2 protein chains.
Amino acid sequence: MKTRDKIIQASIALFNEHGERNVTTNHIAADLGISPGNLYYHFRNKEDIILSIYEEYARTLLLESMPEVSPDVKPLDAIILYMDMVFQAMMKFRFFYSNLPVLLAKNPLLHDKYVEVQSFIADRVSQLLLSLKQADMMEFDDEDLPEIVSILRLVNTFWLSFYQTQNNEEEINDSVFYQGVLKILVIIHPYISDSAKEEFLAARTMYRKRLEASLAAV
Amino acid sequence: MKTRDKIIQASIALFNEHGERNVTTNHIAADLGISPGNLYYHFRNKEDIILSIYEEYARTLLLESMPEVSPDVKPLDAIILYMDMVFQAMMKFRFFYSNLPVLLAKNPLLHDKYVEVQSFIADRVSQLLLSLKQADMMEFDDEDLPEIVSILRLVNTFWLSFYQTQNNEEEINDSVFYQGVLKILVIIHPYISDSAKEEFLAARTMYRKRLEASLAAV
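Quick caveat, the model's predicted, so the values are computed rather than measured. (Residues numbered from 1 in each chain as written. Chains lettered and ligands numbered in written order. Predicted model: local features only at pLDDT ≥ 70, side-chain atom pairs only at ≥ 80, totals over all residues. Heavy atoms only, no water.)

**Student:** How would you explain the overall build of chain A if you had to name every residue and give the values?
**Tutor:** When its secondary structure is counted, chain A shows 11 helices and zero strands. Ordered by position from N to C terminus, the α and β elements of chain A give α-α-α-α-α-α-α-α-α-α-α. Seen along its three principal axes, the alpha-carbon backbone of chain A occupies a region of about 60 × 40 × 30 Å. The buried share of chain A, taken over its 218 residues, is 54%. Across chain A, contacts joining residues at least 24 apart in sequence account for 70% of those joining residues at least 6 apart. Carbon and sulfur atoms provide 50% of the accessible area of chain A, an area that totals close to 9900 Å². Here chain A contributes 21 positive and 31 negative side-chain charges, whose respective centroids are spaced 5 Å apart. (Helix = DSSP H or I, 4+ residues; strand = E, 2+ residues; numbered from the N terminus. Buried < 20%, exposed > 50% of the residue type's maximum accessible area, 1.4 Å probe, protein only. Contact = heavy atoms within 4.5 Å. Areas by Shrake-Rupley, 256 points an atom, 1.4 Å probe, with all protein chains shown as cover. Lys, Arg positive; Asp, Glu negative; His and termini not counted. Charge placed at Lys NZ, Arg CZ, Asp CG, Glu CD.)

**Student:** Go over helix 9 (residues 145-166) of chain B with me, naming the residues and quoting the values.
**Tutor:** Residue and element names in this part refer to chain B. Its 22 residues give helix 9 an end-to-end C-alpha distance of 29 Å, which sits within 8% of 32 Å, the value for a rise of 1.5 Å per residue. Approximately 55° is the largest bend angle found in helix 9, and it occurs at Phe-158. Among the 22 residues of helix 9, 20 are classified as buried, and the element is accordingly described as predominantly covered. (Expected span 1.5 Å × (residues − 1). Bend = angle between axes of the 7 residues up to and from the residue.)

**Student:** Could you give me a rundown of the relation of the copies chain A and chain B, with the residues and numbers involved?
**Tutor:** Mapping chain A onto chain B is achieved by rotating through 180° and translating by 0.0 Å along the same axis, at an RMSD of 0.0 Å. Interpreted geometrically, this transformation is the action of a two-fold axis. Considering only C-alpha atoms, the part of chain A nearest the rotation axis is Pro-190 of chain A, at 3.0 Å. (Least-squares fit on C-alpha atoms with pLDDT ≥ 70 in both.)

**Student:** Would you mind going over the interface of chain A and chain B in detail, with residue names and values included?
**Tutor:** Tallying the contact residues gives 42 residues for chain A and 42 residues for chain B. A combined buried area of about 3500 Å² lies between chain A and chain B, and 60% of that area is made up of carbon and sulfur atoms. The largest contributions to the chain A side of the interface with chain B come from Leu-154, Phe-162 and Thr-165 of chain A, which together make up 17% of the buried area. A salt bridge links Glu-143 of chain B to Arg-204 of chain A, with the nearest nitrogen and oxygen atoms 3.7 Å apart. (Buried area = accessible area lost by both parts, 1.4 Å probe. Salt bridge = Lys/Arg side-chain N within 4 Å of Asp/Glu carboxyl O.)

**Student:** Report on the packing of aromatic side chains, specifying residues and quantitative values.
**Tutor:** The full count for this structure, using the stated rule, is 22 aromatic pairs over all chains. With 6.3 Å between their ring centres and 45° between their planes, Trp-159 of chain A and Phe-162 of chain A make a pair best called tilted. Of this pair, Trp-159 of chain A and Phe-162 of chain A both sit in helix 9 (residues 145-166), separated by three residues, roughly a single helical turn. Overall, Phe-162 of chain A belongs to the buried group, its relative accessible area being 2%. Relative to Phe-95 of chain B, the ring of Phe-15 of chain B has its centre 4.9 Å away and its plane inclined at 50°; by these criteria the two rings are tilted. Here Phe-15 of chain B is found in helix 1 (residues 3-18), whereas its partner Phe-95 of chain B is found in helix 6 (residues 94-98), with 80 residues between them in sequence. As far as the burial class goes, Phe-15 of chain B and Phe-95 of chain B line up, both buried. One aromatic cluster in this structure is built from Phe-15, Tyr-54, Phe-95, Phe-96, Tyr-97 and Tyr-114 of chain A. The positively charged end of Lys-133 of chain A is found above the aromatic ring belonging to Phe-140 of chain A, 5.2 Å away from the centroid. (Phe/Tyr/Trp six-rings, centres within 6.5 Å; stacked < 30°, edge-to-face > 60°. Lys NZ or Arg CZ within 6 Å of the ring centre and 35° of its normal.)

Here's what the structure looks like:
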């Protein structure tokens, strides 16, 4: 692995473990056994590392896993798998989502990139929900669509922060992730039409079982 | 006003304007024209000020405005007014909600108090929704109630953070507050029964008009 990639991987691990604000570039260099000067050859500062993590990893993961709207893909599967994937990205880069407003406020370039990606995601989720409506699997007023999408994104984005504020223990494990997916299913549930109910409830049962298994494993 | 109260009021204003992390106890003392020593006579440190703000102001506002579940109160009014009030508290102490996970992680005593208040609020919101169900104004499965309440609290708590991450301008005005209330109404909407639809839509129209008026005033 190239030094630049090593720095990025070590930073993700240290940020996730200790919280971004408690990790300095010196900690990162020490963790890798390289000099601070070597680190500064690759990145100007910590904000620069965070921007690269977002640009090269989180952004790519979010956008490339975005399911295409096509007749071959079962639309309910598509939306559930996408939400599942968003939560997985969130767990992988949890330092980012644990402290999002502060990180964006400190780094205007990151904020711009973030807003751009979010706007793309909102469009794509809207298309997915519309395709579910066209396939008679969901029912909603078109005028409510932007708000429904916005609530799904809000819950996705801040589920981890909410979990951390509600619980005194810091441990983040798979059960946290499944609880987040189940929240999304609760929001979608009232809009699922009768013809898709069975498929929806099967998906919910699957995630409930995964949650139980992950709680039992702790 | 006593010095202690002056310190609290100045701190709320400075934290809201500049963000809590950019304000030191020296800034607060300078703003009031008092010595840092005088400030330290009343509060041990900045965390102590934030804890007092939560304990004496935010907590009181949240708990005392909690509507009683009683036959005299129209239940739909009660829940909408309460959500309205929660958003108002959020605007008033927006420094707290802009940066909640970090503030709680830095201050375990504050975290304990916060979890305690949140658990009380969750119980009360559950009672309100159950009274709406009993009055045939809402329909939901009882097993879904904890999840619905949890989503309402998540959206309440992180609406301001979400707004700030989605928008490049920092300005927080009344329109932000009305958009938050409307988000809550979107979540509740699918559960409103036919007999309460008219009353619900009237409330939504009122908040939409207030949003339009606040946007026109900017």
